[in-house]
Structures are given as structure tokens and as C-alpha cells.
Number of protein chains: 2
Amino acid sequence: MKNSILTLLAMFAFLTSFCIAQDTTYTPSSANQPGKEYPMVNAKGQVKAKVFAPDANYVQLDIGAVKYDLKKDKQGYWIGESAPQDEGFHYYQLNIDGASVPDPGSKYFYGASRWGSGVEVPAHDEEIYALKDVPHGTVREHIFYSEISDSYKRTFVYTPPGYETNTDKSYPVLYLQHGGGENETGWSRQGKANLIMDNLIAAGKSKPFIIVMSDGNWTFRRPPSQNEADEEDGQRQWPPKGWADEFMNMLLNEIIPMIDSTYRTIADQDHRAMAGLSMGGMQTRVITLAHPEVFSRVGMFSGGSISPADVKEHPNFMDQVDLLFISNGSLELENAGRFGGDPQENTQKLDEMGMNTHFYISPETAHEWQSWRRSLHQFAQLVFQD
Amino acid sequence: MKNSILTLLAMFAFLTSFCIAQDTTYTPSSANQPGKEYPMVNAKGQVKAKVFAPDANYVQLDIGAVKYDLKKDKQGYWIGESAPQDEGFHYYQLNIDGASVPDPGSKYFYGASRWGSGVEVPAHDEEIYALKDVPHGTVREHIFYSEISDSYKRTFVYTPPGYETNTDKSYPVLYLQHGGGENETGWSRQGKANLIMDNLIAAGKSKPFIIVMSDGNWTFRRPPSQNEADEEDGQRQWPPKGWADEFMNMLLNEIIPMIDSTYRTIADQDHRAMAGLSMGGMQTRVITLAHPEVFSRVGMFSGGSISPADVKEHPNFMDQVDLLFISNGSLELENAGRFGGDPQENTQKLDEMGMNTHFYISPETAHEWQSWRRSLHQFAQLVFQD
């Protein structure tokens, strides 16, 4: 008996040390450039950076709004790690003697109004966006000239596996928007929307549909002097000019007609959805409240909610919208009311009023991409299922 | 009479000063990130960099294999310019106290085996790749699992304007390869292959065809230790393992069958071409000499040539290939023989032997993207015209 207990204790000690070892073992981030070892990540979510800067006075890893000092080794490399980060994708940068620059080890992603570094912290549910040997859809870069904004724009179009060869089949469409400081590349790069869909479709958990990811930033083509006039104290205006009404004009009058005339869509309200994250969620709110005759399914990821007052003001919304999906990261819930009322409470009230609502909370994540990947993963299983 | 001469002299002086002013006026590079002013370029081809690094000891602009020292101003910005560069696209980086990092002002491009900064020097013929209000094709990111390399690969597929809607029309295909240290993104990003084609098709100068741009780097998925064994003295082997034979295997047995079964191609030798730049040209040489029954049109841009000895060894090449297009930048011509004989002389001999050959020299450019953009622009007007 004693021996058994000792054996059990020994096993427990071994397993504990093994788990700790696992937690602190660093491996290259999956968002690194080919052949680049750093940045590395461990199971605790720490990010370890390393950069060669032999003549620098100081180097910092700037992630999650905190700057971590790196230490220089004898060869001239600066090395150090961050506190644990949440699961999933994070923007970051290096600070070399006061210069904020991308890390030469990572791939680059558009966020915080710049192309910059990104790192992937392993997630317990990373299978949902893993690259697997399943049939893959494709993501197209679609360039067009927008008369409304007098500028060239591009939109990225995901078409599901089979789209190229089933040329007599038409598909529903989801218009899916990025957040503030991001652009039309976000959902297919750091969002991995295409891989989430490929995996869901292969598992029979989502019907195949087209996703259109557009540039929701409103940019006139105009002289720099006028752009400067938009800025106050060196800060760009927030929200950016035209963030809702002008983008709505372009979406309804240029993008949707172009998509419906170019791709094999089912071009009616019943087969058209809109969703977005953060600013994209707020755009979704304004646009679908104003035009429920265009979209039958609505998703807002960390981007506010629809309140009873909203549907009182826009009574057609409740009549015409078949699905209202609202989500937040659990770690941002206490601040989620800043976009117009508590989202969970608002959604509960609309559900009681008879709407088909879903409220999703992403566990242990904040206002960040892991919340939005999971939100799309949930939304896609509901959106065109009926 | 004298007055006329004085007037002419005055006009001449004015125009001269105007031209010089034009030459030295700096404007933001068209490859900059949205809203970023630097790097700037002028009509002489100088590149001016500016970066905020208040605590740095030194900052350099590293372009064209030369490092230019920048000077610090009172606010902590480092500023300076390069010697004139050739027209077109150039990779570059910043050096901050010994750290080689991307410039936070530019967009990023894959070359020199890394994602790094790029700058556009205005070119006299930049109209050929300008973004214009013409019908645009799309570029798809197509992910696939390669059994031969036991890894996930992706290929970018340009389909011409009208492809999406003319679902009963099939198209010829050009397989177009990047150079050493580059990847499958090169031709559609810095190469602007899609814009070159959109403009040619709109002008009626090229027939519409599909372009397939694949990853020509051979990467087994294997333990890092084995990868390390490939490196000698910290340098990767050159040419990389499998650069020709293994890539040929993947192209012929995986990529071409996949493209022909997924897209509306005319799946025969008469409607299939292969071309490439530098290493991609050398791959084109090896693959089309070995398999002229697969490709009827062949292009090698700054990537060697086909010699009389080659066609003696592979007699089917002359019989089966309808077009052989060879090109170089004028500034690399004196070294062009390093890839197996003088390309102009070789091509002249093959022409005399009865082949349909074209030799093109890109004026005042070297082993760089402006030579290759122009080469594609020329090649596309010849390749499927008959």
C-alpha cells in the first residue's frame, strides 16, 4: 500500500514536472517567416523575441500595450520574453533605440493602421483554423474602381471548395468586415476565415457559402492637405469619416451589385448575411438596421449589439432578420456596454421579443482575433443552415 | 533675330531649371503603406528614407548592395538618400545600430529569402503596370497538399476579366515562376503580372489567358536537424536541393493536373506555356527541354538560354516548341553568359536553325523586376497570339 502511494506520488511528481516543462518549452510561432526561429512561444502564452542589434543601446518587445526589455548576449543578440498572452493572434513590434519597427522574424499583418509583426500563441482549440488535408476553397483578390469614393478598392472573395467546377451551382453570401485600423486582408490572413470555413464544410458543420471581405475604411482620393485637415493634434479622427454612411453607400450600391453580377450568388435577402468585428460590427449594426430588406442574417463580433430601442426605431429589422448573432470575448465583457448598452442583456431582451438570437462568449479572450475566429466558427454553423 | 535668340535662350534656361527641379522633387513611393510619406523617390531614381530612432547611434539605408548613412535631425528622425537607382522595383532594408529591419514606411515583399521592404522608382514606361479603370482579372490564393513534397503549398492563379461569368469559355495557361530567394507571391505583388495582363487585354494586345504562379522552392517537411545538414558554413546550399528535378515532378504530376481539373483550361500542349525569371528561367529551361510535349511556348527572363547543344540533346524541343522567348536587362548582358553561353548568340543560332525565337533587351535595367515586368509585357503579346 505504502509502495503504491509512493509510486503514485512519484508519478504525480513526474507528470507535474513534465507539464511544467511542456508549458515553458518555446517553439517557433506559426506566424514566422520561413526558416525563422524567433519569435518563439510557449504553452503559457509567453512570447520570446530575439534580434541581432550589436550596437543598440536598448531593445524592447512591444506586445499587448507593454514594452518588455530584452537583454544583450555576447554575440550581439537581444533576447527576452513577455508575460503570458491570451491564446491566438497578437500584433506586436520591436523597439530598437526608440524606433518602432517590425520584427524581421515574423510575417506581417495589417492592424493598428500599419503592416506589422504578428505572433500566434498556441490555442486549445486551434484545430478550428488549422491547415488540414481537406478540400480547400480559394481567396481571390478582386480589384475594382469605386465611383462613390473615387478610388481603387479591393475586396477579397472566398469561394468554397467545389465553386470552380460546379458551375451550375449558386451560393449564399456573407459580407464580413474587419475592425478599426485593419483592412480587407484581415479576415483571410490573421482571421483564417478560409481555413475555418474549409474545416467546417469538410466536417459537414456548415453549408458552403461565399464570403466577401471588403475595405471598410473610407478613403477619398484627395489632396494630402485635405487629409491633414481631418487630423487633430496629430491624431486621425475617430471614428473615421464616412465609417458607416459612406461605406454603406459603397457596399449597397457598388460592392453587392458587383459581387452578384460577377460570382454565382443567390442574389436575394434570404441568402445574404452581414457580419463584422469591432468597427465592422458597428458598421453591420448601422447598415442592417437601415436596410433589413438586404440582409437576413446579422453578426456582430465585439462590436456592440442591437437594443430594444433600435428595433422600435427600425421595426422592419425584427420582421425581416432571421438570425441575430452577438458575441464578445469573456475578458472584454465588462466593457462591452460601451458600444450602446450591455450586449448580453440587449440580446436577451430581443430574444424574449421573439427574435432568433444567439449570444456567444469566447472563453478567456479579450478584444482580439481569437474571439473573432471563434465567433465566425460559431456564426458559420448557424447562418445559412435553414 | 537677336531678341528671338535671347527669348529661346531664356526659354531653354527656364525649361532646364524646370527639368532639374522635376528630377529632384521627392514624392512618396507608390509601394508605401497607406498614409506613409517615406520612403520618397525622385525622377533621378534616388530613394530618400526617414525613420524615427531618437536613441540610435547610427541608421543606414541599405539598398542595391550599398549602405547609405542617414543623418539625425533635432526631433530624432534619421534622414538621407541613396545614389540613383534603376527604374522600377527594389528590395531594401534599414540598418539601425546593426539590426537589419524592414522600414516601417513601406509595404513588404518576399525576396532575398525574407519578407522585407520594397520601393518603386518611377519608370518612363510605368503605364504598362499602372492600376487603371479597365476590366480587372482576379488573383486567387489556391492552397493544396503536395504528396510529392509532403507539405502544404500554395499557388496563385490569375484568371482574366470575364473568367467568372463566361462559364462556357476555356483558356490557355502560362506557368510563371519566380526567382531564387523569392516565392509564389512575387509575380502578382512586385511583378504586377495581373495589372500588366489587365492592361494588355483591355488594349487588345494580348489574348486572355490564365497564369499560374507556384512556389518553386523545394521544401521537404522534415526535422530541422536535416535542414541544418543542408547548410554549409551558415549558408544555404545553392542551387537549393530539388530546384529543378523535384519541382518538375511536382509541377508535372501535381500542379498541372490540379489546375486542369479545377479551372477552365484548354488542357493541351498547344495552349500551355512555361516561363520564369532567373532561377525560374533555369527551371523553365530544364523542364521544357525534358518535356516539350507538355509546353508549346517557353520564356526565360534573365535566366539563361537554350543552346544549339541543348536542342541537339533534346531534338523534340525544336520540333514541338512554337515560341522561344529569351530576355535580359541591358545592364546585366555582359554577365548573362554565366547561365550557359551568351543568350543573344544562342538564341540567334536557334533562330537560324528554324526556331521561332524572340530576344528582348530591357533598356537600362539589370537583374531586377523592371526587366521582368517588361519581359512579361513582351512575352504576353506573343505567347498565345497564333
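Worth saying up front: this structure is predicted, and the values here are computed from it rather than measured.

Draft legend 1. A look at the sheet that holds strand 6 (residues 71-72) of chain B. Residue and element names in this part refer to chain B. Within the open sheet, the five strands sit side by side as 1-2-3-7-6. Their pairing is antiparallel. Of all strands in the sheet, those with a lone pairing partner are strand 1 (27-28) and strand 6, marking the two edges. Examined bridge by bridge, strand 6 and strand 7 (residues 77-81) share two bridges and lie antiparallel to one another. Directly across from Lys 72, in strand 7, lies its bridge partner Trp 78.

Draft legend 2. Broad picture of the interface of chain B and chain A. With 45 residues of chain B in contact, the opposing surface of chain A contributes 45 residues. For the pair chain B and chain A, the summed buried area comes to about 3700 Å², and 57% of that belongs to carbon and sulfur atoms. Among the residues chain B hides against chain A, the three largest losses belong to Ile143(B), Tyr152(B) and Glu164(B). Together they make up 14% of the total. Taken together, the connections running from chain B to chain A amount to two salt bridges. The partner of Arg140(B) in a salt bridge is Glu164(A), with the nearest N and O atoms 2.7 Å apart. The tally of links from chain B across to chain A stands at 15 residue pairs in polar contact (both at pLDDT 80 or more). Looking at the side of chain B that touches chain A element by element, the count peaks at seven residues for strand 12 (residues 138-146) of chain B. Residues belonging to the side of chain B that touches chain A are distributed by class as follows: 22 nonpolar, 13 polar and ten charged. With five bridges connecting them, strand 12 (residues 138-146) of chain A and strand 12 of chain B associate as antiparallel partners. Among the inter-strand pairings, Glu141(A) is bridged to a residue of strand 12 of chain B, identified as Val139(B).

Draft legend 3. Here's a closer look at the relation of the copies chain B and chain A. Rotating chain B by 180 degrees and translating it 0.0 Å along the rotation axis places it on chain A, where the RMSD comes to 0.0 Å. This pairing of chains is accounted for by a two-fold axis. Nearest to the rotation axis, the C-alpha of Arg140(B) is located 2.0 Å from it, this being the minimum over chain B. Same-surface contact between copies: 100% of interface residues of chain B are shared with the interface of chain A.

Conventions used here
- Residues numbered from 1 in each chain as written.
- Chains lettered and ligands numbered in written order.
- Predicted model: local features only at pLDDT ≥ 70, side-chain atom pairs only at ≥ 80, totals over all residues.
- Heavy atoms only, no water.
- Pairing = 2+ DSSP bridges.
- Helix = DSSP H or I, 4+ residues; strand = E, 2+ residues; numbered from the N terminus.
- Contact = heavy atoms within 4.5 Å.
- Buried area = accessible area lost by both parts, 1.4 Å probe.
- Salt bridge = Lys/Arg side-chain N within 4 Å of Asp/Glu carboxyl O.
- Polar contact = N/O pair within 3.5 Å; in protein donor to acceptor, adjacent residues only side chain to side chain.
- Nonpolar A, V, L, I, M, F, W, Y, C, P; charged D, E, K, R; others polar.
- Least-squares fit on C-alpha atoms with pLDDT ≥ 70 in both.

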